[in-house]
Amino acid sequence: MPKVSIIIPFRSGEFFLVDCLESLKAQSFKDYEVLLVLDGYFGDINHVIEPYKADMTIRLFSTNEEHTGVPAARNVGLENAEGEFVYFLDADDYIFEDAIAVLLEAAEESQEDMVYGKFHYTYYKRDIFLPIYIEKREAMIAANEALAENGGDSDADDDEDDDEDEDLTEEELAELESMKRFRARRKAIRRLITRKKRFRNVSVLNKLFRKSKLDELGLKFDETQTFYSDFLFVTMFLDHEVNVRKRFHAHYIKRKHQDPVNNPALSQVQDERRFGQMLEMFNKAIDVTDPEGTVRRAVDHQIIVYFTNYFVKKLKRSENDFWREERFDAMRELALRISKANLRREKFWRRRMVKALRNGQQDKCVKLITRRLAWKKFKKMIRGKNVLNKYLYRRKYLKLPISENTIVFESFLGKNYSDSPKYIYEYLAKNYPGKYNLVWVLDNKTKLPYEGVKVKRFSRKYMQYMATAKYFVFNMRQPTWFKKRKGMIFLETWHGTPLKKLVFDLDEVYSASPLYKKEVYKQSREWDYLIAANEFSSRVFKSCFMFDNPMLEYGYPRNDLLHSPDRDARAEELREKLGIPKYKKTILYAPTWRDDEYYGKGQYKFELKLNLSEMKKALSDEYVILLRTHYFIADALDLKGMEGFALNFSKYDDITDLYLVSDIIITDYSSVFFDYANLKRPMLFYTYDLEKYRDVLRGFYIDIEEELPGPLLYTTAEVIDAVKNIDAVSEKYASKYEVFYDRYCGWEDGHAAENVAKKVFGL
Ligand code: C2G
């Protein structure tokens, strides 16, 4: 008989399940069985679990037609579990390699009925999350140890100090023990129910239950509950005199789903039945729990929080009678069941709201929440002016009429004057002077070369234009709060041919921004046109953005200059303007950013891995190097000692100018090479972290070893060698270059801006 039965319901997402099973395979504790309960899954499960059968016992079950859903699946698991303990795990999550061992040790040590561990939430898959987290965890353990030495408790486990109990009589010891048990249970109720920000987060996961205790209590999951059966299970369990303990060194990683559009987690499902089920759940919880007990207090608190934080807001916003009548009454019925003593424990503003509800005073509820929201907004407003501007956007500017001839241009979030929006703007300004009101969102000091207005991002003027312009030409996503009004036209130029997988083509999202897929889905619905520089981009964009509107297949406006007849003359001028020594050749180094190295949202780190002093020694007689970091990079390059050899153009507006003045480009996984290829000049790829970048962080659309028209290089020495032998390198890659050029630059004819503008503005 195994010691522990691990119950995993499974419906979909084999990719997730593999990570979950990998984490079980890595467990230090081996005496467990896995009960995998299929629930409406029709794929080939054997194919997924076969590789794990040698490492663990996996028993397969499935729910039947009359009993479906996660609660039913868990009940099947409970009925068939043979272990002394049961542990619930979700197929899309994974656990630390010592999680089971840690919980079990505590459970056995002092005859616990349940031991619970800690949760972490992440979008990351296992092999990304673990190394990052382990580093953090070690620091945390060290901090906890230091704290324990100083007599603190913090988040460390509740290890009771048994030494102090040595002089006590047996009776006293028993009493002390029972007090400790009582306190541990009360703490658990607070942690596992009361303090959960949302009641739907009350969960059976990462808890090791003694099976005999569950049998004794006759506990099962409520199969009528699709959404909240965990809440009932946990409240019912804790309402009994059970022995529980926490073990925060047992880590459970809860995967947040980053594709709520195609693959929502249960908590992301919008379902009309939720409200009814919630009421039923709370009513049942009230029915079965001790009216005077701590669990009941926790349940009452969750009802109150739900009403005051969520329901009243719905009530205020909702124009439909559903919330105002039927639901209000049902909510009132429930609120009448809250115990007076428990209500007294709540904050004053909450108490008032619940009282109004209990009295059936709907208008008073709305008045109270309106006042509270206004107060909160006011507090926020006096903290930041952007909030005030956004408020004006919503309340005032959106009510102004749309300005039919205004076009707003934005490139790289207002960081510079560049990319396709720049060339579309220049085409319009040169060819249709005075016809449009041209507005640039620009945070730097660049002066517009033609007519137009400059506004700072998030300024009041900007908000006004965002609310009233008819046209928008952006190369990145618009803000999430942007409201596309009827009649507005949004041209998304995007900012490169995709090499790295994007949005809906990504299995995983590793960037810092949460809810990425949902956001992009909403935003891309608002794009009326999208530009594709080549047939490949057109195909990828349709899939990665789930984009169905017109794709403008004219090449990239930003590359027009690279095909212009006067490009050489322009390059000469630019070299002088940029201070590039006359008789030197130039290498442009333009790497991309790394998803996993950041300080905060949009603030990425960059460590220069090219050894510039070696390059200077070997190449400075003939070359200078132009350095250009990605616009997300917050780190400034340290170029001490590199004077005369390395020039930093990271803040320069438009990279197209830098392409023009360079003889060779070195990049990595940046889309810059698709554009640079238009010049047919040599390209080198310094891909020192290829495996991590391609296989772990991103995934590529193309096989770069096959397709790239230049060598992949891994050390500075290799880069120097390639530069020294650049003619031989070019010759070696000549035929690949031709194929590459046809594929990715074939549509470029120097007239993309014109063609796009004619189409979008009906010229
Ligand atoms: N860029 C730049 N300097 C760099 C890197 C990039 O000016 N050192 C500009 C180029 O115009 C490039 C664009 O930013 O084409 C996009 O940069 P990528 O490195 O390709 O990365 P990312 O911003 O993630 O965009 O489909 C394109 C993808 O979305 C990639």
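In this report, we go over the structure that sits alongside the text. Note that this is a predicted model, so its numbers are computed, not measured.

This brings us to the nonpolar core. Judged by nonpolar contacts, the single largest core of 114 residues is most densely connected at Ile424, Phe545 and Phe761. It is helix 16 (residues 419-431) that provides the largest number of residues to this core, a total of six residues. Grouped together as the second largest cluster of nonpolar side chains are 104 residues, Leu35, Ile45, Phe227 and Val242 included.

Either a parallel or an antiparallel arrangement is found when strands of a sheet pair, and the pairing is made through backbone hydrogen bonds. Strand order in the open sheet formed by eight strands is 3-2-1-4-7-6-8-5, with mixed pairing between adjacent strands. Two strands in the sheet have a free side with no partner beyond their single neighbour: strand 3 (57-62) and strand 5 (94-95). Bridge count for strand 1 (residues 4-10) against strand 2 (residues 32-38) is seven bridges, and the pairing is parallel. The partner of Ile6 across the bridge, within strand 2, is Val34.

Looking now at the sheet that holds strand 12 (residues 469-474). The sheet built from seven strands is open, its strands ordered 11-10-9-12-13-14-15 with parallel pairing. Two strands in the sheet have a free side with no partner beyond their single neighbour: strand 11 (453-455) and strand 15 (551-552). Examined bridge by bridge, strand 13 (residues 489-492) and strand 14 (residues 529-531) share two bridges and lie parallel to one another. The partner of Glu492 across the bridge, within strand 14, is Leu530.

This part takes up the pairing of strand 6 (residues 114-122). Among the nine residues that make up strand 6, eight are buried, leaving the element largely enclosed by the rest of the structure. Across three bridges, the pairing between strand 6 and strand 7 (residues 207-210) is antiparallel. Looking at strand 7, one finds that Tyr116 is bridged to Lys207. Sheet topology places strand 6 next to strand 8 (residues 244-255); eight bridges connect them, and they run parallel. Residue pairing in the sheet places Thr122 in a bridge with Arg255 of strand 8.

So, on to a positive patch on the surface. On the surface, Lys316, Arg317, Lys376, Lys377, Lys379, Lys380, Arg383, Lys390, Arg394, Arg395 and Lys399 cluster together to form a positively charged patch. Only helix 10 (294-317), helix 14 (362-381) and helix 15 (385-395) provide two or more residues apiece to the positive patch. Tallying contributions element by element places helix 14 first for the positive patch, with four residues. Inspection of the secondary structure puts Arg394 in helix 15.

Calculation notes
- The numbering scheme is per chain: residues are counted from 1 as the chain's sequence reads.
- Per-residue local features are limited, in this predicted model, to residues with pLDDT of at least 70; the limit for side-chain atom pairs, both in listing and counting, is 80 or more; totals at the level of whole chains, interfaces and linings are taken over all residues.
- Processing note: side-chain calculations cover all non-hydrogen atoms of the structure and skip hydrogens and water entirely.
- Put simply, buried Ala, Val, Leu, Ile, Met, Phe, Trp, Tyr and Cys residues joined by side-chain atoms within 4.5 Å make one nonpolar core.
- Each residue's exposure class comes from its accessible area (1.4 Å probe, protein chains only) as a fraction of the maximum for that residue type: buried when under 20%, exposed when over 50%, partly exposed otherwise.
- Here a strand is any run of E in DSSP of at least two residues, a helix any run of H or I of at least four, and the numbering for each starts at the N terminus.
- DSSP bridges decide pairing: two strands pair if at least two such bridges lie between them.
- Residues enter a patch when their relative accessible area is above 30% and they make no salt bridge; the linking distance is 9 Å between like charges and 5 Å between nonpolar side chains (Val, Leu, Ile, Met, Phe, Trp, Tyr).
- The Shrake-Rupley method, run with a 1.4 Å probe sphere, supplies the accessible areas, and residue values consider only the shown protein chains as cover.
- Salt bridges are defined as contacts in which a side-chain nitrogen from Lys or Arg sits within 4 Å of a carboxyl oxygen from Asp or Glu.
- Residues scored as positive are Lys and Arg, those scored as negative are Asp and Glu, and His as well as the terminal groups of each chain are ignored.
- We put the charge of a Lys on NZ, of an Arg on CZ, of an Asp on CG and of a Glu on CD.

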